[in-house]
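Listed below, chain by chain, are the residues.
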Amino acid sequence: MTPLSLYLCSLLKNNKLLICYNYLHTHGAPLHLVDRAARKTRLARLLDMNFRAVFRGRVTGKVLAQQSGAKNYREATMCTSSASGQDMTNWLWSIYNETKKQTEALIPVMSKNSVNPNTIFANNEMSLHDIEIYGFDYDYTLAFYSRHLHTLIFNIARDILIQEHRYPEGLREYEYIPNFVVRGLHYDVQKVSMVDMYNGGLHPVPDKEVIAMYDGCHVPLENMSDFYGKSSHGHTMKQFMDIFSLPEMNLLCCVNDYFMKHNIDYEPVHLYKDVKAAIGDVHVKGIMYRAVEADMENYISYGEQTHAVLKKLYEDGKKMFLITNSPFDFVDRGMNYIVGKDWRDLFDIVIVQADKPGFFNDRRKPFRRVTDKGVLHWDRIHKLEKGKIYKQGNLYEFLRLTGWRGSKVLYFGDHIYSDLADLTLKHGWRTGAIIPELRKEIKIMNTEQYVHLMTWLQGLTGLIEHMQVGGDPASQSVVQEWIKEREAMRSQTKDIFNSQFGSLFRTYHNPTYFSRRLSRFADIYMASLSCLLNYDFQHTFFPRRTPLQHESPFWPEQTSAGALKMPFIPHRTTTEE
């Protein structure tokens, strides 16, 4: 709902029509009072005329008339022209209280319109009817991991720093901090800071210091990370987009925190490279793989839902392939646990150790066949066959051998850059982003606390916007109080997701850098593959038409099918948390 409609409800004369408008705007249900186009025009005209009337002083007269018992509207208007500063202050607070009252009255209705966490959301129009081939990444796409894995990676990398890089033993006092950081953050390698507001340690940096550090609030584009979020070729920032990067960010913060607490001089770039190398060793040396294989039940979850999705696609006659950077033995044991020993029967092609994103760009690396025991065959590959395992290769050779090109292919992955960007920009495949954090954020947005905060924040913003100019000092003091309240609420709406860095998708009213990249490179996105179980393979996904800043805000809001509880197919109940 737009900010204006929240408080104009209490000020406009035609309350019944506004109730109809609010219902239409919230539920997207048709009203049968008038023709749709005429209804939109009349509503827009009515709201526009009344809104202008409000701030020409007519509503001022109306409110004062109600308070003072003036006999008619004209008398009230005359009173306002000679009202004292105290009268104006009282009037402002009357408008404030009435707006807040109307806002609170909307909460029960708006709380009922909760978003279904199992919805698939669309950035571009896409029909499953057109998709013949489904491709998948493995980690955090087919296989979901528990939080124990992040603790494991952190602990192993921390110990590698101490044992192999000779870092202080005091670092063993640091443990992994769940929910401290979020994906999508930029880390300034040279200035040792998370660009949002934290220094390289565990403490926030005051706004004044951040502004001084960067000579203002703008970070030049050439200083940002490269296309894949890496710090290279003069780029001083690293963007952490991978879910596996959460332990790395934690470790960076902890090591920096230790050095700063103990007044130890250090070179920030070398520290960053050491931490990066330690985290890399956890993967490259197979330490993480062996630990997960030894305790699948502790580290892997959501197996039943993944199996159901793959089985549904297979039974519908869809082609399926797997392209992952993980080694075959690790994938094989994981898929045996998730799907069963016959998991390879579901896939037409399996490619391991693909080295994405290089796989999508490098034309030189050939495919090699790998046996079940890990033996590498050096014969030239002329055909990618079902039931066999292939290593490395490149997408150009993949396209030549399979002919799987263009929009009939849909590939799912969790890494916006390494999995999806090149496929969208260069090869024309459709892409689906798996964002596990989405489920948690939607559940937070569905809470009454969040709905109340956001609804009142919008209403108060509207008041400030139209009362900010003019008036006596006392009136301006009232508006300043509103501004302070708004700033406090803005912080609350951010902290409710993550007390350090806020939501993965939004920073105050703007989309985050992560969210912008998601919109650019993913046709659809969802919390997990299990969301596909809620949709028929003839379903078409339509993106929500949200108004641009210069467009009319009075069209009924279009919501993704299934986000609100509209019947298009019965929703399955999932047990994912």
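Our subject is the structure listed above.
Residues numbered from 1 in each chain as written. Predicted model: local features only at pLDDT ≥ 70, side-chain atom pairs only at ≥ 80, totals over all residues. Heavy atoms only, no water.

Peer 1: Now, about the overall build of the chain: what can you tell me, with residues and values included?
Peer 2: In terms of helices and strands, the chain carries 20 helices and 20 strands. Within the span of the chain, comprising 577 residues, buried residues form 51% of the whole. Long-range pairs, those at least 24 residues apart, make up 74% of the contacts in the chain between residues at least 6 apart in sequence. Just so you have it, the chain exposes about 28100 Å², and 51% of that area is on carbon and sulfur atoms. (Helix = DSSP H or I, 4+ residues; strand = E, 2+ residues; numbered from the N terminus. Buried < 20%, exposed > 50% of the residue type's maximum accessible area, 1.4 Å probe, protein only. Contact = heavy atoms within 4.5 Å. Areas by Shrake-Rupley, 256 points an atom, 1.4 Å probe, with all protein chains shown as cover.)

Peer 1: Which residues make up the state of the cysteines, and what are the values?
Peer 2: In total, this model carries 0 disulfides according to the counting rule given. Lacking any disulfide linkage, Cys 253 is separated from the closest cysteine sulfur, that of Cys 254, by 6.8 Å. (Disulfide = S-S within 2.5 Å.)

Peer 1: I'd like a rundown of the sheet that holds strand 3 (residues 133-136), residues and numbers included.
Peer 2: Read from one edge of the open sheet, 10 strands run 1-19-16-15-3-10-11-14-12-13, paired in mixed fashion. The strands lining the two open edges of the sheet, one partner per strand, are strand 1 (121-122) and strand 13 (376-377). (Pairing = 2+ DSSP bridges.)

Peer 1: Pulling in residues and values, what's your account of the environment of Lys 391?
Peer 2: On the secondary structure map, Lys 391 appears in strand 14 (residues 389-392). Accessibility expressed as a relative area gives 21% for Lys 391, which makes it partly exposed. Along the primary structure Lys 391 and Arg 369 are separated by 22 residues, whereas in three dimensions their C-alpha atoms are 6.1 Å apart. Sequence-distant contacts of Lys 391, that is, excluding residues within four places in its chain, are made with Val 352, Gln 353, Pro 366, Phe 367, Arg 368, Val 370 and Leu 376.

Peer 1: An account of the packing of aromatic side chains is requested, with residue identities and associated values reported.
Peer 2: Applying the stated criterion across every chain, the model contains 37 aromatic pairs. Taken together, a centroid distance of 6.5 Å and an interplanar angle of 80 degrees make the contact between Phe 360 and Tyr 411 edge-to-face. In this pair, Phe 360 is assigned in the loop between strand 11 (349-352) and strand 12 (367-370) and Tyr 411 in strand 15 (residues 409-413), connecting sequence segments 51 residues apart. Take Phe 360: its relative accessible area is 1%, and that puts it in the buried class. A residue is classified by how much of its surface remains accessible, and Tyr 411, at 0% relative accessible area, is buried. Taken together, the ring pairs in this structure connect Phe 321, Phe 359, Phe 360, Phe 367, Phe 398, Trp 404, Tyr 411 and Trp 429 into an aromatic cluster. Here the guanidinium or amino end of Arg 490 rests over the ring plane of Tyr 508, the centre of that ring lying 4.2 Å away. Over the ring of Tyr 513 we find Arg 517, and its NZ or CZ is 5.6 Å from the ring centre. (Phe/Tyr/Trp six-rings, centres within 6.5 Å; stacked < 30°, edge-to-face > 60°. Lys NZ or Arg CZ within 6 Å of the ring centre and 35° of its normal.)

Peer 1: Break down the environment of Ser 407 for me, with residues and values.
Peer 2: Tracing the chain through its elements places Ser 407 in the loop between helix 15 (395-402) and strand 15. Ser 407 gets classed as partly exposed once you look at its relative accessible area, which sits at 43%. Considered as a pair, Ser 407 and Gly 428 are 21 residues apart in the sequence and their alpha carbons are 6.0 Å apart. Apart from the residues lying within four places of it in its own chain, the contact partners of Ser 407 are Asp 130, Ile 131, Gly 428 and Arg 430.

Peer 1: Can you break down the pairing of strand 16 (residues 430-434) residue by residue, with the values?
Peer 2: Regular strands have side chains that alternate between both faces of the sheet. Most of strand 16 is tucked away, with 5 of its 5 residues classed as buried. Neither face of strand 16 is left uncovered, since the one carrying Arg 430, Gly 432 and Ile 434 and the one carrying Thr 431 and Ala 433 both have all their residues buried. Relative to strand 16, strand 15 runs parallel, the two being bridged by 4 bridges. Bridging from a neighbouring strand, Gly 413 pairs with Ala 433 of strand 16. Each parallel crossover has a hand, and for strand 15 linked through helix 16 (residues 416-427) to strand 16 it is right-handed. In this structure, strand 16 lies alongside strand 19 (residues 524-526), joined through 3 bridges in parallel fashion. Residue Gly 432 lies in a different strand from strand 19, and its bridge partner there is Ile 524. (Right-handed = clockwise from strand over helix to strand, strands pointing away.)

Peer 1: Break down the pairing of strand 15 for me, citing the residues and quoting the values.
Peer 2: The buried fraction of strand 15 is high, at 5 of 5 residues. Burial along strand 15 is two-sided: the face carrying Val 409, Tyr 411 and Gly 413 and the face carrying Leu 410 and Phe 412 are both buried. Bridge count for strand 3 against strand 15 is 4 bridges, and the pairing is parallel. Looking across to strand 15, one finds that Ile 133 is bridged to Val 409.

Peer 1: An account of unusual backbone geometry is needed here, citing residue identities and associated values.
Peer 2: Look at the link from Lys 356 to Pro 357: it is a cis peptide, with omega at 5 degrees. One non-glycine residue, Arg 166, lies in positive phi territory at about 60 degrees. By the secondary structure assignment, Arg 166 is in the loop between helix 7 (148-164) and strand 5 (186-188). Residue class for Arg 166 comes out exposed when judged on its relative accessible area of 70%. One non-glycine residue, Asp 355, lies in the positive phi region at around 60 degrees. Asp 355 gets classed as partly exposed once you look at its relative accessible area, which sits at 39%.

Peer 1: Please give an account of the pattern of salt bridges that cites residues and values.
Peer 2: Enumeration over the complete set of coordinates arrives at 24 salt bridges. In this structure, Arg 183 engages Glu 437 in a salt bridge whose closest nitrogen and oxygen atoms are separated by 2.8 Å. Of this pair, Arg 183 sits in the loop between helix 7 and strand 5 while Glu 437 sits in helix 17 (residues 437-445), placing them 254 residues apart in sequence. For Arg 183, a relative accessible area of 2% puts it in the buried group. (Salt bridge = Lys/Arg side-chain N within 4 Å of Asp/Glu carboxyl O.)

Don't take any of this as a statement about function, it's just geometry.
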